[in-house]
Amino acid sequence: MKLHEYQARALLAQHGIPVTGGGVATTAAEARTIAEELGRRVVIKAQVFVGGRGKAGGVKLADTPAEAEQIASQILGMDIKGLTVEKVLVAEAISYQKEIYLSAILDRATKRVVMIASAEGGVEIEEVARTNPEAIIKIPAHPQLGLQEYQARELAFAIGLTDGKQARQFAQIATALYQTFVKSDASLVEINPLVIRDDGSLLALDSKVLIDDSALFRHPELEAMRDTSDEPEAEQLARAADITFIKLDGSIGCMVNGAGLAMATMDVVKLYGGEPANFLDIGGGADKNKVRTALEIILADPNVKAVMFNIFGGITRVDEVARGIIAALEEVPTSIPLIARLTGTNQEEGLRLLAESQLIPATSLAEAAQKAVEAAKAAA
Amino acid sequence: MSILINKDTRLLVQGITGKEGAFHTRSMLDYGTNVVAGVVPGRGGQSAIEDRVPVFNTVKEAVQATGANTSVIYVPAAFAPDAIRESAAAGVPLIVCITEGVPALDMVATYAFVEECGVRLVGPNCPGLLSPGQAKVGIIPGNIAVPGPVGVVSKSGTLTYEAVDALTRLGIGQTTIIGIGGDPIIGTNFIDVLTMFQEDPETEAIVLLGEIGGDAEIQAANFIKAHVTKPVVSFIAGQTAPEGKRMGHAGAIISGGEGTAQEKIKALEAVGVSVARQPTDIAQLIKEAMDARAVS
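Residues numbered from 1 in each chain as written. Chains lettered and ligands numbered in written order. Predicted model: local features only at pLDDT ≥ 70, side-chain atom pairs only at ≥ 80, totals over all residues. Heavy atoms only, no water.

Each helix and strand in chain B was counted, giving 9 helices and 14 strands. The C-alpha radius of gyration of chain B comes to 19 Å, within 12% of the 19 Å expected for a compact globule of 296 residues. With respect to the three principal axes, the spread of C-alpha positions in chain B is 55 × 45 × 30 Å. Of all 296 residues assigned to chain B, the portion counted as buried reaches 60%. Sequence-distant contacts, at least 24 apart, represent 72% of the contacts inside chain B between residues at least 6 apart. For chain B, the accessible surface area stands at approximately 10400 Å², while carbon and sulfur atoms represent 49% of it. Once the 21 positive and 30 negative side-chain charges of chain B are each reduced to a mean point, those two points are 2 Å apart. (Helix = DSSP H or I, 4+ residues; strand = E, 2+ residues; numbered from the N terminus. Rg over C-alpha atoms; globule rule 2.2 N^0.38 Å. Buried < 20%, exposed > 50% of the residue type's maximum accessible area, 1.4 Å probe, protein only. Contact = heavy atoms within 4.5 Å. Areas by Shrake-Rupley, 256 points an atom, 1.4 Å probe, with all protein chains shown as cover. Lys, Arg positive; Asp, Glu negative; His and termini not counted. Charge placed at Lys NZ, Arg CZ, Asp CG, Glu CD.)

Encoded structure:
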């Protein structure tokens, strides 16, 4: 789960990382009040989950509270890459000497939390990795003891912060950032840029936090920060039912068990000339209620002209899936062609249950995809 | 032959009385796997699965009493890291964690502990292993596999079944099928398994099933170039996946243009791996690769 910038900076501040003063506003009047309280030049930033806000006109400076109000009224409601801006961050605009980069990530290769720092901040770290890889310093935190103070100091000196006081402050921030990461079960905490102010002190200007979805069960305070405003209703419904659903633009609805097979099913639909309408993984051990919800979500998409079921039962029992499909069709009857390829655990019982239904059987993934593509084309 | 599990596997099941644990233990027993113990804290002294398996309170007791040498975990995500650590501390040489949704940070500390104990972890969030005709540890359906010369390693569960089913239908059996899981932090990776398949005299060819996200397939390609002489056939799921959307598995996301199916396919093809366009084509490509080897 991704946090908005205003949420990310609040989380960093809670852990003792210095951030600029400011607050979040949902109306222009609120933006004005925040600017008045700050009593200085402010930056107004659109809070949407999309890169390139600045280029799209979603980040602007305002010299006075009146100007802040006027700019906020422009940005609020603005459309940035298909997302409507509903909130703006109003923060102090400050001057600084230099931008640096600091983050903690979960590194698959070392199986550790790795701290990353660079003297080249303010640009995307991927860009630095391409153009100047030696400017990136990585230090893995100890898997059980965590980030050690000496490691945080090493990081500071390695990016050229040779002033003792400054290096100490950087090490404190790095340690706090690591704590933010661990306490929040994050998969990424990034400050970019972390700026060196004119007086030599450090301040976090912009930040990004991603939370590990698998750990949200133990972080109700973070789950409460979830912003579903840019998430399609169908995806919200699916998440509530513990189904992974991602809407795509095609005409063939797919219901599959297992993420890898769901992706492969989409690939095969495409290979036979069709376009998948969605990614949908009902997960392992799905019961009939889940299958019914999944089918309802798929059928709610008006673009869907055919639905293919690709179930390879292991944990999931084919008979349970069959019961779910039958139950769903009783509640949401449809004339859309449904192609079913069901195999694996309790297959015989599942196929027996479906034999009298409207489903068109297929024995292989390729056959199911071909039939679904034909059916969708015939209906178009 | 096979890798990691075989006829000598003495399996203990953590979470044997849960719904999934009981269901799959029955299926492992029916496959002929030697399930020697179950562990459920507070139920020591009882037995499970129609009295077929004795239950112990702790892994340590179960290992002492039964000589279990492999553990499989079906407990819920919040308890899975502790279950892994319990088996590691008891010195169980092979621990297979089926549980999905385990917080990644828990796995960082847990994996370090597993390493310290000198044991092997497979998973979490994986379908486990199957050595056809010998033993089944996990949830891979036994009926789709037959003994034979192909080693199968995969990040996915059901996609693996698809590929194995296709091999079996073409009359090609398998030495061992192993699902390593698609989470960011996993115990056993592609390179570990490629090393074992390369060393296993019975394995003549290898199927590697990958997906979008991360760079494990690229690392595997580099390893294959340097160390694997047996033919490798691959399929990479997610060729049609959009960027920035997490495709179910915690690890399956294309970010910043990295981790795409296209770049993985390119890396694998560059080192001589045949990459199938759809999962069922894997079987034909394996057949061709093995025939070509038999001739040369």
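To continue, consider the domain arrangement of chain A. Per the domain assignment, the segments making up chain A are domain 1 (21-92), domain 2 (96-223) and domain 3 (233-379). Between the C-alpha centres of domain 1 of chain A and domain 3 of chain A the distance comes to 43 Å. (Domains from an automatic or database assignment.)

Residue and element names in this part refer to chain B. Along its 15 residues, helix 9 (residues 281-295) runs 21 Å from first to last C-alpha, staying within 8% of the 21 Å computed at 1.5 Å per residue. Ile282, Ala283, Ile286, Ala289 and Met290 are the residues of helix 9 that are buried. One side of helix 9 holds all its buried residues, which, seen down the axis, span an arc of 130 degrees. The secondary structure elements touched by the buried residues of helix 9 are strand 10 (147-154), helix 5 (158-169), strand 12 (205-211) and strand 13 (232-237). (Expected span 1.5 Å × (residues − 1). Arc of directions from axis to C-beta.)

The extent of an interface is frequently quoted as the accessible surface area lost upon association of the parts. Contact with chain B, which involves 54 residues of that partner, is made by 47 residues of chain A. In this assembly, chain B and chain A are joined by 2 salt bridges. Secondary-structure elements contributing two or more residues to the side of chain B that touches chain A are helix 1 (19-30), helix 4 (104-116), helix 5 and strand 13 of chain B. Split by residue class, the side of chain B that touches chain A holds 28 nonpolar, 14 polar and 12 charged. (Salt bridge = Lys/Arg side-chain N within 4 Å of Asp/Glu carboxyl O. Nonpolar A, V, L, I, M, F, W, Y, C, P; charged D, E, K, R; others polar.)

Residue and element names in this part refer to chain B. Of the positions making up helix 3 (residues 80-89), those classed as buried are Ala80, Pro81, Ala83, Ile84, Ser87 and Ala88. Taken down its axis, helix 3 places every buried residue within 160 degrees of arc, on the same side. If you follow the buried residues of helix 3, they end up packed against strand 1 (11-14), helix 2 (59-66), strand 5 (70-73), strand 6 (94-97), helix 4 and strand 7 (120-122).

It is worth spelling out the sheet that holds strand 7 of chain B at this point. Hydrogen bonds between backbone atoms are what pair the strands of a sheet, whose relative direction is either parallel or antiparallel. Residues and elements named next belong to chain B. Reading across from one edge, 3-4-2-1-5-6-7 is the order of the 7 strands in this open sheet, with mixed pairing throughout. Whereas interior strands pair on both sides, the edge strands pair on one side only; in this sheet they are strand 3 (47-48) and strand 7. As defined by bridge partners, strand 2 (residues 35-39) adjoins strand 4 (residues 53-56) across 2 bridges and the pair is classed as parallel. Bridging across to strand 4, Gly38 finds its partner in Val55. With respect to the sheet, helix 2 is in contact with strand 1, strand 2 and strand 4, its orientation differing from that of strand 2 by roughly 160 degrees. (Pairing = 2+ DSSP bridges. Axes fitted to C-alpha atoms, helices over the stretch in contact; angles between N-to-C directions.)

Here Thr240 of chain B lies in the loop between strand 13 and helix 8 (261-270). As for Thr240 of chain B and Met107 of chain B, which are separated by 133 residues in sequence, their C-alpha atoms are 30 Å apart. When sequence neighbours within four positions are dropped, the list of residues in contact with Thr240 of chain B reads Met263, Met266, Asp267 and Lys270 of chain A.

All names here are of chain A. In the numbering adopted here, UniProt assigns the feature "binding site: Mg(2+)" (unreviewed entry) to Asn192 and Asp206. By the secondary structure assignment, Asn192 is in strand 10 (residues 186-197). The buried category is assigned to Asn192, whose relative accessible area is 15%. Excluding residues that lie within four positions of it along the chain, Asn192 makes contacts with Ile100, Tyr101, Gly121, Gly122, Val123, Glu124 and Asp206. Tracing the backbone shows Asp206 in the loop between strand 11 (202-204) and strand 12 (207-211). What Asp206 contacts, discounting residues up to four positions off in sequence, is Glu5, Lys45, Arg53, Glu190, Ile191, Asn192 and Pro193. Polar side-chain contacts of Asp206 include one of 3.5 Å to the side chain of Arg53. (UniProt positions renumbered as here; feature names shortened; annotations may be inferred. Polar contact = N/O pair within 3.5 Å; in protein donor to acceptor, adjacent residues only side chain to side chain.)

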